[in-house]
Amino acid sequence: MINRIHLIITAITLFVGIENPASAQSDHLLWYNKPAQFFEETMVLGNGKLGAAVFGGIKSDKIFLNDATLWSGEPVNPYMNPEAYKQIPSIREALKNENYKLANELNRKVQGAFSQSYAPLGTMHIKFNHTDSASMYRRELDISKSLSKITYNVSGVTFTREYFISKPARVMMIKLTSSKKGALSFNVDFESLLKFEITNQGNTLRVKGYAPYHAEPVYRGNIANAVKFDENRGTRFSSLFRIKNTDGQVIIQHGSIGLKNGTEAILYIAIETSFNGFDKNPATEGKSDALLADSCLKKVVPVNYESVKHAHINDYQNYFNRVSFNLGKTNAPELPTDERLKRYAEGKEDKNLEILYFQFGRYLLISSSRTAGVPANLQGIWNPYIRPPWSSNYTTNINLQENYWLAENTNLSELHEPLMKFIGHVAHTGKVTAKTFYGVEGWALCHNSDIWAMSNPVGGFGQGDPVWANWNMGGTWLSTHLWEHYIFTLDKNFLKQKAYPLMKGAARFCLNWLVKDKKGNLITSPSTSPEASFITADGSKGSTLYGGTADLAMIRECFLQTIRASQILGTDITFRKEVESALRQLQPYQVGKNGNLQEWYYDWDDADPKHRHQSHLFGLFPGHHITPGLTPELANACKKTLQIKGDETTGWSKGWRINLWARLLDGNHAYQMYRTLLSYVDPDQYKGPDKKTGGGTYPNLLDAHPPFQIDGNFGGAAAVAEMLVQSNENQIRLLPALPDAWDTGKIKGICARGGFEIEMEWQNKSVKKYTITSKKGGKTQLIYNGVKKEIQLKPGGSLTIQTSTTAPK
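This one's a predicted model, so the numbers in the text were calculated from it and none came from an experiment. (Residues numbered from 1 in each chain as written. Predicted model: local features only at pLDDT ≥ 70, side-chain atom pairs only at ≥ 80, totals over all residues. Heavy atoms only, no water.)

## Side note on the overall build of the protein
Looking only at helices and strands, one finds 19 helices and 36 strands in the protein. Here the protein has a C-alpha radius of gyration of 27 Å; the compact-globule value for 809 residues is 28 Å, and the two agree. Counting all 809 residues of the protein, 62% fall into the buried class. Of all intrachain contacts in the protein linking residues separated by at least 6 positions in sequence, the fraction that spans at least 24 positions is 69%. Summed over its atoms, the accessible surface of the protein is roughly 29,500 Å², and 49% of this surface lies on carbon and sulfur atoms. (Helix = DSSP H or I, 4+ residues; strand = E, 2+ residues; numbered from the N terminus. Rg over C-alpha atoms; globule rule 2.2 N^0.38 Å. Buried < 20%, exposed > 50% of the residue type's maximum accessible area, 1.4 Å probe, protein only. Contact = heavy atoms within 4.5 Å. Areas by Shrake-Rupley, 256 points an atom, 1.4 Å probe, with all protein chains shown as cover.)

## Some details on the sheet that holds strand β15 (residues 236-245)
If you trace the nine strands from one edge of the open sheet to the other, you get β1-β6-β7-β8-β9-β18-β15-β12-β11, paired in antiparallel fashion. The open sheet has two free edges, formed respectively by β1 (29-32) and β11 (195-201), since each of these has just one partner strand. Averaged over all neighbouring strand pairs, the angle between strand axes comes to 15 degrees, with direction disregarded. Two strands pair when backbone bridges link them, and strand β6 (residues 134-142) and strand β7 (residues 147-154) are joined in this way by seven bridges, in the antiparallel orientation. Note that in β7 the partner of Leu141 across the bridge is Ser148. Against the sheet, helix α5 (residues 305-320) touches β7, β8 (157-166), β9 (171-178) and β18 (264-273), its axis set at about 50 degrees to β8. (Pairing = 2+ DSSP bridges. Axes fitted to C-alpha atoms, helices over the stretch in contact; angles between N-to-C directions.)

## Brief notes about helix α18 (residues 667-677)
Counting buried residues along α18, eight of its eleven residues qualify, which places the element largely inside the surrounding structure. Listing the buried residues of α18 in full gives Gly667, His669, Ala670, Tyr671, Met673, Tyr674, Arg675 and Leu677. Contacts made by the buried residues of α18 are with α6 (337-345), α7 (351-368), α17 (651-663), β27 (696-697), β28 (703-704) and α19 (711-724).

## Some details on the nonpolar core
Counting 225 residues, the largest nonpolar core has Leu65, Met172, Leu724 and Met760 as its most contacted members. The greatest single-element share of this core, amounting to twelve residues, is contributed by helix α13 (residues 492-513). Excluding residues within four positions of it along the chain, Met172 makes contact with Leu45, Leu50, Ala52, Val54, Ile63, Leu65, Tyr163, Phe164, Ile165, Leu267, Tyr268 and Ile269. Listed in part, the 17 residues of the second largest apolar core include Phe164, Leu240, Cys296 and Ile313. (Core = buried A, V, L, I, M, F, W, Y, C linked by side-chain atoms within 4.5 Å.)

## Comments concerning the confidence of the model for the protein
Interpreting fine coordinate detail is not advised for predicted regions of low pLDDT. Averaged over all residues, the pLDDT of the protein is 94; the fraction at 70 or higher stands at 95%. This stretch, residues 688-692, has a pLDDT under 50; its non-local contacts, to residues over four places away or in other chains, come to ten contacts. Overall, residues 805-809 carries pLDDT values under 50, and its contacts beyond four positions in sequence, including any with other chains, amount to seven contacts. (pLDDT = per-residue confidence, 0-100.)

## Description of the packing of α18 against α19
Following both chains from N to C, one finds α18 and α19 inclined at 155 degrees, their axes separated by 11 Å at the closest point. Viewed along their axes, α18 and α19 adopt a mutual orientation that is roughly antiparallel. Helix-helix and strand crossings are classified by hand; for α18 and α19 the assignment is left-handed. Together, Gly667, Ala670, Tyr671, Tyr674 and Leu677 of α18 and Gly712, Gly716, Val720 and Met723 of α19 make up the contact between the two elements. (Parallel < 35°, antiparallel > 145°, perpendicular 65-115°, else oblique. Left-handed = near helix turned anticlockwise from the far one by under 90°.)

## What about helix α10 (residues 417-438)?
If you check α10, its first and last C-alpha atoms are 29 Å apart, about what 22 residues at 1.5 Å a residue would give, namely 32 Å. Among the 22 residues in α10, 16 count as buried, and that is most of the element. Just past α10, the residue Gly439 takes up positive phi, approximately 70 degrees. (Expected span 1.5 Å × (residues − 1).)

## A short note on the sheet that holds strand β35 (residues 787-793)
Adjacent strands of a sheet pair through backbone hydrogen bonds, lying either parallel or antiparallel. Read from one edge to the other, the open sheet built from four strands follows the order β29-β30-β34-β35, with strand pairing classed as mixed. Of all strands in the sheet, those with a lone pairing partner are β29 (725-727) and β35, marking the two edges. With strand direction ignored, the average angle separating the axes of adjacent strands in the sheet is 25 degrees. Summarising the sheet, strand β34 (residues 778-784) and β35 pair through seven bridges and their orientation is antiparallel. Within the sheet, the bridge partner assigned to Gly778 lies in β35 and is Leu793. Taken strand by strand, α19 contacts β29 and β30 (731-734), and its axis lies near 80 degrees from that of β29.

## Quick look at unusual backbone geometry
At the junction of Phe621 and Pro622, the peptide bond is cis and its omega measures out at 10 degrees in the coordinates. Within the secondary structure, Pro622 is located in the loop between β26 (605-606) and α16 (632-645). Residue Pro707 is bonded to the preceding Pro706 through a cis peptide linkage, with omega at -5 degrees. Here Pro707 is to be found in the loop between β28 and α19. With a phi angle near 60 degrees, Arg170 is a residue other than glycine that sits in the positive phi range. On the basis of relative accessible area, Arg170 is assigned to the partly exposed category, the value being 32%. The backbone of Ser392 sits at a positive phi, close to 45 degrees, despite the residue not being glycine. Of note, Ser392 is situated in the loop between α7 and β20 (394-395).

Here's what the structure looks like:
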């Protein structure tokens, strides 16, 4: 009788767990009732270096594997076009004569090689001998633990798989179990688009291979020898697969490893590459990938599975659990995540889905940005293509930067550090780029980069359109991340030793690059606005001009922050005065005939008024020098620009526009766009890197640019924080852009500039209670509920206020 009751309870639990998961899970759980068919339906896992996309098939599970350090190519030659700078005077002369067509053609001569591509390591297959169909299928990803799980029933036997990738152990682990003794049999094999060979050694499947030494960007089309391999060149990799069984028999065959008639087994995957730094040849100066992979397995296999899992969860939750977010009661039904997205796209309420998307952005950054000097790329660390969309590289005219907008304010500051170190790498090659391409001092970074810290303007030495290829403000923009890291952490040693020298180098490039216009103002020449084109008064279309607003906006922010850093450090007074003088002479912003912020030096029309880029609004966000309070006319011009552009755009662009609307203090418009960012995109619409569809969110919550680009996830998550808390060096605003839909809620762990951390509750759109904690000690002005309150705290000190006693009605 007791056993029967136990079985009934178990059956009810399984039914409830599968059909109606507890609502408390819905803000941190992705789940589905069928396996993934497309990459955009997979569950993605990562430890900041090793990445996996799990399909969760029944008879055969497919898992795409990646390593953050496995790219095509080898160290770049920064002197690839040593006399390109000699073209600059001719371009400037053409622009002085208003000959934009000639300037554009001459600008092609100021180009270098294309970037290299992020490579797919390979695909692991786990094949099962199921003969009957499965029932009660469920796969899930718990982002609060970075664990994925699959359960299903075949012929009365429940099969379970649990997946995670451990940062401490540096391995991926899959635990496979069956509810009936001896019912578990499977086989593991591997394939790759790279060059590789497989050998067996004991109960370990060993894969050795290498990446191409060159891969052409996919947008260059079907060209001969697009991917080039040489056994003596390129990054090496080792992938090891080992089975640890409790019973049954491990089966070793050529090219595969498996288990027969077992009940429980653990599959270990260790992956290492020879990458040894941006300036080291991975074939001749690389790390010993095979020894490193062997070392991982040697250390982890003897350790109890639960201990490794526990250490993984503790390590991961050290970051994830810093922020909690609640929006109050929700009436949304429990549905598989893809069905939730479809329902939400109909305009229905699902507050926990909105929280899930925010926390999923944080999950993705933890999972893809923990390798020194190797920041998250266009696809984080998840890519199945040998010629991926846009090379899955570092696109630095927005995309790389957007990846890190959430790092500081959502309490993931350490995950910003791979980008900090990478900036140092590109500054190294960027000094050569500044000198050989532009004839100036300092350092520059252009439109694209890669793991080799390439900094030159791309285009294939004249084949690229200057509308995107010749933009050169990447270093100027990236330098602002150094300041952001400092102002959130108040790490003065970081500012002195690392940030300021790089900021100074970026500012020095700008100082040398600026020239006087006919009115005596400082401008850039030549200039482009990222990927956008203008139409002149005579109706001709162009992209190369002088005095582009986007350039000057980024230079303003770079100058302001470099000046402030110099003041804090009490250093470089002469240089500071030079920067201050240039700042005063910069061409001022201009408001166009339509009330918009002019993107061009003249009040020209945009070739595409709804263009996805809005780089000339940089001063509003991510910059700080345009605000509704201090520069209302310019803020209104930014608003008009956004209204002209409209809300329908690509994924990453939506992420940026939500932040812009938040900075304009329009929470309802920001929220409206946040909802459109979560618009469901069917993965069946995308069948390769050349096909494009509308932007939004795929079933697995990855951003549809389209195709998949991770920056929209990061930009959207950052925007949620921006709606709730905005700050500068001296001031913190609580609920500055709170939408009506979020009238009640609470958040804990959000960070503000000045080294502060915020916990708060609100009701009826007013702050009800808050706690502010200072990491380093300091003062700020807190603004909320119409109140301005001066706060001064000691290091580690905190203040809790119940606002109902102080705030006006």
